[in-house]
Amino acid sequence: MKRAMRTIKKNTPVLLFWALLLLPVSAWAVDLAAVAARWSPPDGSASITMWGFIQDPGSCPGTPVVWENGPVLTAEPGTTLTIRLRNCLDEAVSLIIPGQAASLAPQTFTDGQGRTRVSAFTHEAAPGAVATYTWSNLRAGTYLYQSGSHPAKQVQMGLYGALTVGGYPDVHREVLLLYSEIDPALHNPPAAATSMTYKPRYFLINGKTYAPGQPVPEVQAGNTGGTTLIRFLNAGLMSHVPVLQGPYMRVVAEDGNPYPYPREQYSLLLAAGKTRDALWTPVEPGKYALHDRSLALTSNGAPGGGMFVHLTVKFPWVMFVPAITGGTGPN
């Protein structure tokens, strides 16, 4: 008995480590920064001024970074998410997650006609400052996080990303497809950006656009016979209609709200700001075309590009153990 007690005391730090590791996580903390960025079109045109969310490096970058969608954030249902946002831009920014409950503090201003107008849905981070945002009791599903300040301008400038909360049973792989657009005329300079004259020329999936003559972007979508969760999000200002050339999808949720019955479809309507979750079980390997039926299939006016990717499906990897032959075995 004494030996057993000594063993437990000796291994207490190790046991405590594993016990803490196995405890359910009730809070998630993320540090982001809103920064100036540049995006280079695939057709060789001049790079475009963007704004974007990146993981906070601890201080503001000295030069514009390469623009990408904001980092994909993940959490579990029922937990609390806290985001600390450093503002490296020249105007105030904020963060909202449509569909998730939060205490909002709208910011207002008085326009030239003496009317009170809303400039932000919640409190803002002033230039050079850090603001904290918290969402408690997270709802399961797929969500956009985006700027809540002048969203018609700042979201179009690139201040958006994806949040996934929880998952679905019997899913073997997840695929996230974030749709967006770029109108270069509204980015030079950013102060002139307005959705009133919005005419996008580049149509993106996951921050990239297919250009004529270049390889079609590929997205690894799992193995045959396995179920793939496809999370569709639209951070653009236009509606899109993803069409999958292959087995139908079972559309199971919209904006984090589960459907009472799955909808078996080859396409779905993805309105501006909307998210959809779909389950897909391919039975044959190969490349499955996914394109936009609303015809966002151009790249800077050139046809044959835009919102077009291949979902690549492979055979599952199986280890084959050869049978042992020769000999009659033990008697």
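On a predicted model such as this, the values are computed, not experimentally measured, just so you know.

Engineer: I keep staring at the confidence of the model for the protein and nothing clicks. Help me out?
Structural biologist: Residues shown with low pLDDT carry predicted positions that ought not to be read at fine detail. Residues with a pLDDT of 70 or more make up 87% of the protein, whose mean pLDDT is 88. Scored below 50 in pLDDT, residues 1-10 shows 0 contacts in the model against residues more than four places distant or in partner chains. Below a pLDDT of 50 lies the segment residues 323-331, which in the model reaches 0 contacts outside its immediate sequence neighbourhood of four places, other chains included.

Engineer: Explanation requested: empty space enclosed by the protein in the structure shown.
Structural biologist: It is the rolling of a water-molecule-sized probe over the atoms that shows where space remains empty. Tallied over the entire structure, the rule returns 1 cavity of 30 Å³ or more. The calculated volume of the largest cavity comes to roughly 30 Å³. As for the largest cavity, its lining consists of Val155, Gln156, Tyr160, Ser180, Glu181, Tyr198, Ala235, Gly236 and Leu237. In terms of residue class, the lining of the largest cavity is built from 5 nonpolar, 3 polar and 1 charged.

Engineer: It is not clear to me how the packing of aromatic side chains should be interpreted in this structure. Could you clarify?
Structural biologist: Ring pairs (aromatic) are described by centroid distance and by the angle formed between their planes. Following the criterion strictly, the structure yields 6 aromatic pairs and no others. With a centroid separation of 5.1 Å and 85 degrees between ring planes, the pair formed by Trp280 and Tyr288 is classed as edge-to-face. Judged by relative accessible area, which is 0%, Trp280 ranks as buried. For Tyr288, a relative accessible area of 10% puts it in the buried group. Over the face of the ring belonging to Tyr259 we find Arg263, whose NZ or CZ atom lies 3.9 Å from the ring centre.

Engineer: Hey, could you run me through unusual backbone geometry in this one?
Structural biologist: Comment: phi is negative for the bulk of residues other than glycine, and the bulk of peptide bonds are trans. Here the phi dihedral of His150 falls at roughly 40 degrees; this positive angle occurs in a residue that is not glycine. If you trace the backbone, His150 turns up in the loop between strand E9 (141-146) and helix H2 (151-154). Residue Asn206 is not a glycine yet carries a positive backbone phi of 55 degrees. Inspection of the secondary structure assignment puts Asn206 in the loop between strand E12 (202-205) and strand E13 (218-223). The class of Asn206 is partly exposed, set by a relative accessible area of 27%.

Engineer: Any chance you could explain the side chain of Arg276 here in plain terms?
Structural biologist: Within the secondary structure, Arg276 sits in strand E18 (residues 275-280). Of the residues examined, Arg276 reaches a relative accessible area of 8% and is grouped as buried. Within the structure, Arg276 has its side chain in polar contact with the backbone oxygen of Leu269 (distance 3.3 Å). Setting aside anything within four residues of it in sequence, one finds Arg276 in contact with Ile230, Arg231, Phe232, Val251, Ala253, Glu254, Tyr259, Leu268, Leu269 and Leu270.

Engineer: Would you mind going over the sheet that holds strand E4 (residues 73-75) with me for this structure?
Structural biologist: By definition, the strands of a sheet pair up through backbone hydrogen bonds, in either a parallel or an antiparallel sense. The strand order E4-E10-E9 describes an open sheet built from 3 strands, whose pairing is mixed. Strand pairing shows two members of the sheet lacking a second neighbour, E4 and E9, which therefore form its edges. For this sheet, the mean angle separating the axes of adjacent strands, direction not counted, is 25 degrees. Inspection of the sheet shows E4 paired to strand E10 (residues 160-165) by 3 bridges, in the parallel sense.

Engineer: Sorry, what's going on with the layout of surface pockets here?
Structural biologist: Of the voids in this model, the largest pocket is the one considered here, and its volume is about 320 Å³. Forming the walls of the largest pocket are 21 residues, and the residues nearest its centre are Glu68, Ile205, Asn206, Gly207 and Lys208. Elements with a minimum of two residues in the lining of the largest pocket: strand E1 (27-39), strand E11 (173-182) and E13. Element by element, the count of residues in the lining of the largest pocket is highest for E11, at 3 residues. Partitioning the lining of the largest pocket into residue classes produces 12 nonpolar, 5 polar and 4 charged. Domain assignment of the residues forming the lining of the largest pocket places at least three in each of domain 1 (9-167) and domain 2 (177-321). Roughly 160 Å³ of internal volume is contained in the second largest pocket. Lining the second largest pocket are 11 residues, with Ala36, Trp51, Cys88, Leu89 and Asp90 sitting closest to its centre. Sorting elements by how many residues they give to the lining of the second largest pocket places strand E2 (residues 48-55) first, with 3 residues.

Thresholds, definitions, all that
Residues numbered from 1 in each chain as written. Predicted model: local features only at pLDDT ≥ 70, side-chain atom pairs only at ≥ 80, totals over all residues. Heavy atoms only, no water. pLDDT = per-residue confidence, 0-100. Contact = heavy atoms within 4.5 Å. 1 Å grid on protein atoms, 1.4 Å probe; cavity = no way out; pocket = protein on both sides within 12 Å on 5 of 7 lines; lining within 4 Å. Points joined across faces, edges and corners; volume = space filled by probe spheres on them. Nonpolar A, V, L, I, M, F, W, Y, C, P; charged D, E, K, R; others polar. Phe/Tyr/Trp six-rings, centres within 6.5 Å; stacked < 30°, edge-to-face > 60°. Buried < 20%, exposed > 50% of the residue type's maximum accessible area, 1.4 Å probe, protein only. Lys NZ or Arg CZ within 6 Å of the ring centre and 35° of its normal. Helix = DSSP H or I, 4+ residues; strand = E, 2+ residues; numbered from the N terminus. Polar contact = N/O pair within 3.5 Å; in protein donor to acceptor, adjacent residues only side chain to side chain. Pairing = 2+ DSSP bridges. Axes fitted to C-alpha atoms, helices over the stretch in contact; angles between N-to-C directions. Domains from an automatic or database assignment.

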